[in-house]
Amino acid sequence: MNIMDFNVKKLAADAGTFLSRAVQFTEEKLGQAEKTELDAHLENLLSKAECTKLWTEKIMKQTEVLLQPNPNARIEEFVYEKLDRKAPSRMNNPELLGQYMIDAGNEFGPGTAYGNALIKCGETQKRIGAADRELIQTSAINFLTPLRNFIEGDYKTITKERKLLQNKRLDLDAAKTRLKKAKVAEARAAQLNISQPEENNIMIWAEEVTKSEQEVRITQSEFDRQAEITRLLLEGISSTHAHHLRCLNDFVEAQMTYYAQCYQYMLDLQKQLGSFPSTFLSNNNQSSTTPVQSVSSPSVLASTSASLPSLPSVSNSMVTSGLSELKSSSGSRKARVLYDYDAANSSELSLLADEVITVYSIPGMDSDWLMGERGNQQGKVPITYLELLN
């Protein structure tokens, strides 16, 4: 029974405190009550914490979008994380593309130029996919996790203590309001006592003033203590910034490693493929070939030479000069075939990779073609499939 009485009294006291805070807050909003302002330093710390929380959330969410553009996959990972279970492993986009390329290459035939190129591209895409996985894992551990820990841990603690500080301030201001009203009532009672002596009323209000003054001292002490606790927590934001700076450096290093790996993979792929032309066949079985500019063209190399080491590449100037000499002379040269080529019509000559043929130029011929001979066979051949021999 005593325990029940205690619980009822505590519940009533809590309800009274809550009502008092609600009344004080409402009167402050209506401009009918004074409000204790926080010192400027504490206000600046609170503003800094809010700003940190806002931008940390934005950076964290956008980093997740960068690392995993698929929103459905992000939701799935979030659900598995909340369930404390590991998400099922599946191919990412580069790996999936790579697998499709490899399957297509095997279907077309690894011995054909296109099939062989598809397989090489597919293997490179799979390596890029593996690098992408490593980037996501490293970034999640070294960058996203610390940001999330701040939002879900440190800032929640700051919010809790800040809310407690707000309650202590409301208690203090409510006590000040009651003291002010008690003093006003005491003064009125003293004035009334002059005309109608009632000593009991004066004593009652004097006791109320004393009680209110004691309540103000207690609430002021509790408010000052809570303000100090909140200030110490908020001053830790500077340490949070320093920690996030180290995490940001780790993220940049992870990205640098990822892009360097991708660049090296594509560089190796370019060396394997060389320069492929795009061939378009029309319905009337006539062909026209348009050489595709090599990745290692002088314009691209010029733009990257300032920040990258010298790159192994096909020397377009050497090829161009050799072809110019061949076209200006009436003689013939030996040339090695770089890739398989299937003749589009009877005027062209089919080629096999690594075979050596004789090539020469005919006046008026398209600049992208030469005449090729293999034994008693001859026909037009695309120059981008050839490497002139000395």
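Every value quoted in this text rests on a predicted model; they were computed, and no experiment measured them.

Chemist: Mind showing me how you'd approach the nonpolar core here?
Modeler: Note on soluble globular proteins: their nonpolar side chains tend to be buried together. Core analysis: the biggest nonpolar cluster contains 20 residues, and L38, L42, L165 and L234 have the highest contact counts within it. Those elements giving two or more residues to this core turn out to be α2 (40–67), α5 (113–195) and α6 (199–235). Among the elements that make up this core, the one with the highest residue count is α5 (nine residues). If near-sequence neighbours (up to four positions away) are discounted, L234 is found in contact with L42, L45, L46, A49 and I158.

Chemist: Teacher, can you tell me more about helix α4 (residues 93–108) here?
Modeler: Residues separated by three or four positions in an α-helix point in the same direction, a consequence of the helix having 3.6 residues per turn. The terminal C-alpha atoms of α4 lie 22 Å apart, and with 16 residues this matches the ideal 22 Å at 1.5 Å per residue to within 8%. Between the side-chain oxygen of the N-cap and the backbone nitrogen of E95 there are 3.0 Å, and the N-cap of α4 in question is N92. Of the residues flanking the end of α4, it is G109, one or two places downstream, whose phi is positive at about 115°.

Chemist: Mind showing me how you'd approach the sheet that holds strand β7 (residues 386–388) here?
Modeler: Taken together, the five strands give an open sheet; going across it, the order is β6-β5-β4-β3-β7, and neighbouring strands pair in antiparallel fashion. Looking at strand neighbours, the two that pair on one side only are β6 (377–382) and β7, the edges of this open sheet. Averaged over neighbouring strand pairs, the angle between their axes works out to 40° when direction is ignored.

Chemist: What am I meant to see in the pairing of β6 here?
Modeler: On a regular strand, one side chain projects to one face of the sheet and the next to the other, so that they alternate. Summarising the sheet, strand β5 (residues 369–374) and β6 pair through six bridges and their orientation is antiparallel. Bridging across to β6, R374 finds its partner in Q377. Hairpin geometry of β5 and β6 is characterised by an intervening segment of two residues between the two adjacent antiparallel strands and by a positive phi of about 65° at G375.

Chemist: Got a minute to help me understand unusual backbone geometry in this structure?
Modeler: Leaving glycine out, the prevailing phi sign among residues is negative, and the prevailing peptide bond configuration is trans. The phi angle at D354 is positive, at roughly 75°, despite the residue not being glycine. You can see D354 is positioned in the loop between β3 (332–337) and β4 (356–360). A relative accessible area of 54% places D354 in the exposed class.

Chemist: Just to check I follow, could you spell out the pattern of salt bridges for this structure?
Modeler: Opposite charge on two side chains lets them pair, provided their charged atoms get close. Throughout the structure, instances matching the rule amount to twelve salt bridges. As a salt-bridge pair, R178 and E215 come within 2.2 Å of each other at their nearest N and O atoms. Taken as a pair, R178 in helix α5 and E215 in helix α6 lie far apart in primary sequence, 37 residues in all. Across the pair E228 and R231 runs a salt bridge whose closest N-O atoms are separated by 2.2 Å. Taken together, the positions of E228 and R231, both in helix α6 and three residues apart, correspond to about one turn of that helix. Since its relative accessible area comes to 36%, E228 is described here as partly exposed.

Chemist: I would appreciate a short explanation of helix α7 (residues 237–273) in the present structure.
Modeler: Given a rise of 1.5 Å per residue, 37 residues ought to cover 54 Å, and the 53 Å separating the end C-alpha atoms of α7 matches this to within 8%. The positive-phi residue at the C-terminal boundary of α7 is G274, with phi of around 70°.

Chemist: So what exactly am I meant to see when it comes to the packing of aromatic side chains here?
Modeler: Each aromatic ring pair is described using two quantities: the centre-to-centre distance and the angle formed by the ring planes. Applying the stated criterion to the full structure yields six aromatic pairs. Seen from their ring centres, F143 and F251 are 4.7 Å apart, and the 10° between their planes marks the pair as stacked. With a gap of 108 residues between them, F143 in helix α5 and F251 in helix α7 connect regions that are remote in the sequence. Taking relative accessible area as the criterion, F143 reaches 5% and is therefore assigned buried. Both rings, one in F150 and one in Y155, keep their centres 6.1 Å apart while their planes meet at 55°; by these two values the pair is tilted. Both residues of the pair, F150 and Y155, count as buried. Three or more aromatic residues link up through ring pairs in this structure, and these residues are Y339, Y341 and Y385. Note that K58 overlies the ring of W55, its terminal NZ or CZ placed 4.5 Å from the centroid. The residue whose ring lies beneath R127 is Y265, and the NZ or CZ to ring-centre distance is 5.6 Å.

Chemist: I keep staring at the environment of D132 and nothing clicks. Help me out?
Modeler: Inspection of the secondary structure assignment puts D132 in helix α5. Residue classification places D132 among the buried positions, given a relative accessible area of 15%. The spacing of D132 and L67 is 65 residues in sequence and 8.4 Å in space, taken between C-alpha atoms.

Chemist: I'm lost on the packing of α2 against α7 in this one. Help?
Modeler: Helices that pack against each other are described as a pair by the angle of their axes relative to one another and the distance between those axes. It is the contact of α2 with α7, at a shortest axis distance of 12 Å, that shows an interaxial angle of 15°. With respect to each other, α2 and α7 are oriented roughly parallel. Regarding α2 and α7, the two cross each other, and that crossing is left-handed. In this structure, α2 contributes K48, A49, T52, T56, T63 and L66 to the contact, and α7 contributes I237, S238, H241, H244, F251 and Q255. Counted by class, the contact of α2 with α7 contains four nonpolar, seven polar and one charged residues.

Chemist: Teacher, can you tell me more about the confidence of the model for the protein here?
Modeler: Parts of the model with low pLDDT should not have their predicted coordinates read in detail. With 73% of its residues at a pLDDT of at least 70, the protein reaches an overall mean of 79. Across residues 276–319 the pLDDT falls below 50, and counting only partners more than four positions away or on other chains, this stretch makes 51 contacts in the model.

Rules of the game
Residues numbered from 1 in each chain as written. Predicted model: local features only at pLDDT ≥ 70, side-chain atom pairs only at ≥ 80, totals over all residues. Heavy atoms only, no water. Core = buried A, V, L, I, M, F, W, Y, C linked by side-chain atoms within 4.5 Å. Buried < 20%, exposed > 50% of the residue type's maximum accessible area, 1.4 Å probe, protein only. Helix = DSSP H or I, 4+ residues; strand = E, 2+ residues; numbered from the N terminus. Contact = heavy atoms within 4.5 Å. Expected span 1.5 Å × (residues − 1). Polar contact = N/O pair within 3.5 Å; in protein donor to acceptor, adjacent residues only side chain to side chain. Pairing = 2+ DSSP bridges. Axes fitted to C-alpha atoms, helices over the stretch in contact; angles between N-to-C directions. Salt bridge = Lys/Arg side-chain N within 4 Å of Asp/Glu carboxyl O. Phe/Tyr/Trp six-rings, centres within 6.5 Å; stacked < 30°, edge-to-face > 60°. Lys NZ or Arg CZ within 6 Å of the ring centre and 35° of its normal. Parallel < 35°, antiparallel > 145°, perpendicular 65-115°, else oblique. Left-handed = near helix turned anticlockwise from the far one by under 90°. Nonpolar A, V, L, I, M, F, W, Y, C, P; charged D, E, K, R; others polar. pLDDT = per-residue confidence, 0-100.

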